[in-house]
Amino acid sequence: MQFSKYHALGNDYIVMEAAEAAGGLTAEIIGRVCARNFGLGSDGILIREPDPAPGKFHVRFINPDGSEAEKSGNGLRIFSRYLWDQGAVEAEAEFPVQTAGGQVTCKVSPAGRVVTVDMGRISFHSHDVPVTGPPREVIQEELEVNGDTLTFTAANIGNPHCVVLREELSVEETHRLGPLIETETVFPNLTNVQFLQVLDRENIRIEIWERGAGYTLASGTSSCAAAAVARRLDLCESVVAVHMPGGHLRIEISDDYLVRMTGPVVKVADGRLSTEVLETPLP
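Just so it is clear, the structure is predicted and the values come from calculations on it, not from any experiment.

Caption draft 1: Just the overall build of the protein, in detail. Broken down by element type, the protein carries six helices and 18 strands. At 18 Å, the protein has a C-alpha radius of gyration in line with the 19 Å of a compact globule built from 283 residues. By principal-axis analysis of the C-alpha atoms, the protein measures approximately 50 × 45 × 30 Å. By residue count, 50% of the 283 residues in the protein fall in the buried class. In the protein, once contacts between residues fewer than 6 apart in sequence are set aside, the share between residues at least 24 apart is 61%.

Caption draft 2: Structural context of the environment of glutamine 98. By the secondary structure assignment, glutamine 98 is in strand S6 (residues 95-99). The spacing of glutamine 98 and leucine 196 is 98 residues in sequence and 29 Å in space, taken between C-alpha atoms. In this structure glutamine 98 touches Phe57, His58, Val59 and Gln103, once residues within four positions along its chain are discounted.

Caption draft 3: Inspection of unusual backbone geometry at higher detail. In this structure, proline 130 follows valine 129 across a cis peptide bond, with omega equal to -5 degrees. Tracing the backbone through its elements, the reader meets proline 130 in the loop between strand S8 (114-121) and strand S9 (141-145). Positive phi outside glycine occurs at leucine 9, with the angle close to 60 degrees. Along the chain, leucine 9 turns up in the loop between strand S1 (2-8) and strand S2 (11-17). One non-glycine residue with positive phi stands out, namely aspartate 234, at about 60 degrees. Checked against the element boundaries, aspartate 234 lands in the loop between helix H5 (220-232) and strand S15 (239-244). Classification of aspartate 234 by relative accessible area gives partly exposed; the value is 49%.

About the criteria used
- Residues numbered from 1 in each chain as written.
- Predicted model: local features only at pLDDT ≥ 70, side-chain atom pairs only at ≥ 80, totals over all residues.
- Heavy atoms only, no water.
- Helix = DSSP H or I, 4+ residues; strand = E, 2+ residues; numbered from the N terminus.
- Rg over C-alpha atoms; globule rule 2.2 N^0.38 Å.
- Buried < 20%, exposed > 50% of the residue type's maximum accessible area, 1.4 Å probe, protein only.
- Contact = heavy atoms within 4.5 Å.

What follows is the structure, encoded as structure tokens:
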């Protein structure tokens, strides 16, 4: 299998053409490929599906556990850079990319190292996220998790998010509570989790637990969701820098909660997976 590898603020993905992956990417194989010490190591795999029409593109986001995500902001920036490297798109020209979480519009900088994505509209409605219970916007509700009472706001930008406002952030807390919130029964499709700290009206920090991937250094959709929640709670301006362990993204939020994300992408390698890796089970 031929592959390319990129990272976006430390959130790394392997990119493959659908023809390369056809018939070979079982959940077990995906786990081997994504394993940090026994495979290539990555936060997931991006599959470029056959282009639906000239100038239009389609990508799938596969998590390390074999599940499929509807949308990934960092994955979209990486996929856009991959298309630019392949000569499929031109710098500064907008192009559409179809995902399971809806269509977005992307643009690559002249050097290829910065990508802007119009991510779509944030919804806080329980039906869209989804969150169980009566139809409503899920704003600052309480959730009991392992003896902790958390206040959260739910958001959807093509995939589900639970944003928990905190005075201080903790990696330990993210590891402890993230997987419990991810699988809470109030989130029937599971959820991504962000712990949010407001630094000032133009800067926020987040720690991230990703559905199907675990603790993550950076996430584009998480940044969009957290920024939109901070904006909805009137804790930040319409343009905000979202700081994460892997770096920061610029997020722009319109009055009707359309979100634009801008941030870097770095190419790591091109290569071919050996059959030995594909045939060797994880211990």
